[in-house]
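What follows is each chain in one-letter form.
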Amino acid sequence: MSFEKFLFYMFAVILLGAAVMVVTRRNPVHSALFLVLVFFNMAGIWILAEAEFLAIALVLVYVGAVMVLFLFVIMMLDIDLATVRAGFVRHLPLGLLVSALMFMEMALVLGPKHFGLARYAAPEAAPADYNNTAELGLSLFTRHLYALEIAAVILLVAMIAAISLTLRKRPGTKRQNITEQHMVRKKDRLKIVKMAAEEKG
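Residues numbered from 1 in each chain as written. Predicted model: local features only at pLDDT ≥ 70, side-chain atom pairs only at ≥ 80, totals over all residues. Heavy atoms only, no water.

### Re the overall build of the chain
- Helix and strand counts for the chain stand at 10 helices and 0 strands.
- N-terminal to C-terminal, the α/β element order of the chain is α-α-α-α-α-α-α-α-α-α.
- A buried classification covers 13% of the 201 residues belonging to the chain. (Helix = DSSP H or I, 4+ residues; strand = E, 2+ residues; numbered from the N terminus. Buried < 20%, exposed > 50% of the residue type's maximum accessible area, 1.4 Å probe, protein only.)

### Digging into the confidence of the model for the chain
- Of all residues in the chain, 88% attain a pLDDT of 70 or more, and the chain-wide mean is 81.
- By mean pLDDT, helix H6 (residues 112–115) is the weakest element of the chain at 63, and helix H1 (residues 3–24) is the strongest at 91. (pLDDT = per-residue confidence, 0-100.)

### Points about the nonpolar core
- Val29, Ala32, Val36, Phe39, Ala43, Ala55, Leu58, Val63, Met67 and Leu71 form the largest nonpolar core, which has 10 residues in total.
- Contributions of two or more residues to this core are made by helix H2 (28–48) and helix H3 (52–76). (Core = buried A, V, L, I, M, F, W, Y, C linked by side-chain atoms within 4.5 Å.)

### A look at the side chain of Asn41
- Of note, Asn41 is situated in helix H2.
- At 2.7 Å, the side chain of Asn41 and the backbone oxygen of Leu37 are in polar contact. (Polar contact = N/O pair within 3.5 Å; in protein donor to acceptor, adjacent residues only side chain to side chain.)

### Observations concerning the packing of H2 against H3
- Orientation of H2 relative to H3, taken along the N-to-C sense of each, is 175 degrees, at an axis distance of 9 Å. One element, H2, and the other, H3, form an angle in the roughly antiparallel class. Together, Pro28, Val29, Ala32, Leu33, Leu35, Val36, Phe39, Phe40, Met42, Ala43, Trp46 and Ile47 of H2 and Glu52, Leu54, Ala55, Leu58, Val59, Tyr62, Val63, Met67, Leu71, Ile74 and Met75 of H3 make up the contact between the two elements.
- Classifying every residue of the contact of H2 with H3 by side-chain character gives 22 nonpolar, no polar and 1 charged. (Axes fitted to C-alpha atoms, helices over the stretch in contact; angles between N-to-C directions. Parallel < 35°, antiparallel > 145°, perpendicular 65-115°, else oblique. Contact = heavy atoms within 4.5 Å. Nonpolar A, V, L, I, M, F, W, Y, C, P; charged D, E, K, R; others polar.)

### A look at the UniProt feature "transmembrane region" (unreviewed entry) in the chain
- The residues that UniProt annotates with the feature "transmembrane region" (unreviewed entry) are residues 6–24, 31–49, 55–79, 91–110 and 145–167.
- Secondary structure over residues 31–49 splits into 95% helix and 0% strand, and the C-alpha atoms at its two ends are 27 Å apart. (UniProt positions renumbered as here; feature names shortened; annotations may be inferred.)

### Brief notes about a nonpolar patch on the surface
- A contiguous nonpolar surface patch, about 840 Å² in accessible area, is contributed by Met1, Phe3, Phe6, Phe8, Tyr9, Met10, Ile14 and Leu37.
- Along the polypeptide, Met10 turns up in helix H1. (Patch = residues over 30% accessible without salt bridge, like charges linked within 9 Å, V, L, I, M, F, W, Y side chains within 5 Å. Areas by Shrake-Rupley, 256 points an atom, 1.4 Å probe, with all protein chains shown as cover. Salt bridge = Lys/Arg side-chain N within 4 Å of Asp/Glu carboxyl O.)

### Considering unusual backbone geometry
- Positive phi values are uncommon outside glycine, yet Glu50 reaches one of about 60 degrees.
- Inspection of the secondary structure assignment puts Glu50 in the loop between H2 and H3.

### As for H3
- Over its 25 residues, H3 extends 34 Å from the first C-alpha to the last, a length consistent with the 36 Å expected when each residue adds 1.5 Å.
- Along H3, the sharpest change in direction is near 30 degrees and occurs at Tyr62.
- When we look at burial in H3, the residues that qualify are Ala55, Leu58, Val63, Met67 and Leu71.
- Contacts from the buried residues of H3 go to H2. (Expected span 1.5 Å × (residues − 1). Bend = angle between axes of the 7 residues up to and from the residue.)

### As for helix H7 (residues 132–143)
- Over its 12 residues, H7 runs 16 Å from end to end, which matches the ideal 16 Å to within 8%, given 1.5 Å per residue.
- Where H7 begins, one side-chain oxygen reaches toward the backbone nitrogen of Thr133, 3.1 Å away; that side chain belongs to Asn131.

Shown next, in the form of structure tokens:
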């Protein structure tokens, strides 16, 4: 076994174990920390696949930003663990059914019929001046441009929906009215007071 295969299996085993710990831990902070471990091991696998840009983006974006936000929200919210556990037990049959369907779909898609050695030959080695970041950008903005734009629109709609669902108008909050600010006139803001001059005695 080569050293690269050893690293791949090591990253894969740690990743699967951490993923199981994410969904089995009762403390949500511990689950979030195990998810950080999942991201780091996934980044290691992507580096082995010569996808350095994706690995760095995963660490910087998900570990450096998204998981910090998750931990901040988890620690700031007062989560009732008893209610969460009751809901987990109540929805366990549906969760098991969805999990079984997902495993079946993954087995059909990732099975040897589509990814066997007899179907696909080993990829050719990349040349010395190969830049996977440039190739990724070229693929995204040429062949997969419409899919990228559709994904961007879906994310924009999700952001607007999240803002509209969480927006709360409090009666005592002062808000700007840009229309009224633009329609203001000089006499509404400026008042000239004429006063008689005082003589010094």
